[in-house]
Amino acid sequence: QVQLVESGGGLVQAGGSLRLSCAASGLTFSMYTMAWFRQAPGKEREFVVAIRWNDDSTKYADSVKGRFTISRDNGKNTVYLQMNNLKSEDTAVYYCAADKFLNNNYERARVYNYWGQGTQVTVSS
């Protein structure tokens, strides 16, 4: 029933920008905390950022703070990830995740019940 579909990934030069989108369906979007995770080859899935369901409060990983911005549009059932000043270490598959009424443990991938298929982000130097 629930489906999350990411888009916007691609190849970008170091220092450039990308905007990822995650379109959700089959859920009451405003009731769900949304998050972005990423996974590089040979590494475990890593928390990037989350935005809370009730008050839009956010939590960012230190590695992206000041460069990435999460936002949501409840009318469009979509969450965005604006990525600026991209670095080679940002190269990864980026995944959208959702969990209903989540207000803690945002950094734990196992907490999220729903996941998108992922979109590849490659930063060249």
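See the structure printed just above.
Predicted model, so just to flag it, every value in this text is computed and none were measured.

> Help me out: how do you make sense of the overall build of the protein chain in this one?
Looking only at helices and strands, the protein chain features 0 helices and 11 strands. Secondary structure elements in the protein chain, listed N-terminal to C-terminal, are β-β-β-β-β-β-β-β-β-β-β. Here the C-alpha radius of gyration of the protein chain, 13 Å, is about what a compact globule of 125 residues would show, namely 14 Å. The principal-axis extents of the C-alpha atoms in the protein chain amount to approximately 40 × 25 × 25 Å. Looking at the 125 residues of the protein chain, the share that counts as buried comes to 42%. At a minimum sequence separation of 6, the contacts of the protein chain that also span at least 24 residues come to 59%.

> Explain unusual backbone geometry to me, please; I cannot follow it from the model alone.
As a rule of thumb, non-glycine residues mostly have phi less than zero, and peptide bonds are mostly trans rather than cis. At asparagine 85, a position not held by glycine, the phi torsion is positive, near 50°. With respect to the helices and strands, asparagine 85 occurs in the loop between β8 (78-83) and β9 (92-100). With relative accessibility at 41%, the residue asparagine 85 sits in the partly exposed group. The phi torsion at asparagine 105 lies on the positive side, around 55°, for a residue other than glycine.

> How should I be thinking about the side chain of serine 21 in this particular structure?
Tracing the chain through its elements places serine 21 in strand β3 (residues 18-25). Judged by relative accessible area, serine 21 falls into the buried class, the value being 18%. Those residues in contact with serine 21 that sit more than four places away from it in its chain are Val5, Glu6, Ser7, Trp36, Thr78, Val79 and Tyr80.

> I keep staring at the environment of glutamine 3 and nothing clicks. Help me out?
Here glutamine 3 is to be found in strand β1 (residues 3-7). On the basis of relative accessibility, which here comes to 46%, the residue glutamine 3 falls in the partly exposed class. For the pair glutamine 3 and glycine 42, spaced 39 residues apart in the sequence, the C-alpha separation amounts to 27 Å. Each residue touching glutamine 3, except ones within four places of it in the same chain, is listed here: Ala23, Ala24 and Ser25.

> Would you take a moment to explain the packing of aromatic side chains for this structure?
Both the distance between ring centres and the angle between the ring planes are used here to describe each pair of aromatic rings. Scanning all chains against the criterion turns up 6 aromatic pairs. Ring geometry for phenylalanine 37 and tyrosine 112: centres 5.4 Å apart, planes at 75°, overall edge-to-face. Note that phenylalanine 37 is positioned in strand β4 (residues 32-39) and tyrosine 112 in the loop between β9 and β10 (114-115), a separation of 75 residues in sequence. An aromatic cluster is present here, built from Phe37, Phe47, Tyr112 and Trp115 joined pairwise through their rings. The ring of tyrosine 95 carries arginine 45 above its face, with NZ or CZ at 3.9 Å from the centroid. Stacked on the ring of phenylalanine 29, the Lys or Arg arginine 72 has its end atom at 4.5 Å from the ring centre.

Cut-offs used in this document
Residues numbered from 1 in each chain as written. Predicted model: local features only at pLDDT ≥ 70, side-chain atom pairs only at ≥ 80, totals over all residues. Heavy atoms only, no water. Helix = DSSP H or I, 4+ residues; strand = E, 2+ residues; numbered from the N terminus. Rg over C-alpha atoms; globule rule 2.2 N^0.38 Å. Buried < 20%, exposed > 50% of the residue type's maximum accessible area, 1.4 Å probe, protein only. Contact = heavy atoms within 4.5 Å. Phe/Tyr/Trp six-rings, centres within 6.5 Å; stacked < 30°, edge-to-face > 60°. Lys NZ or Arg CZ within 6 Å of the ring centre and 35° of its normal.

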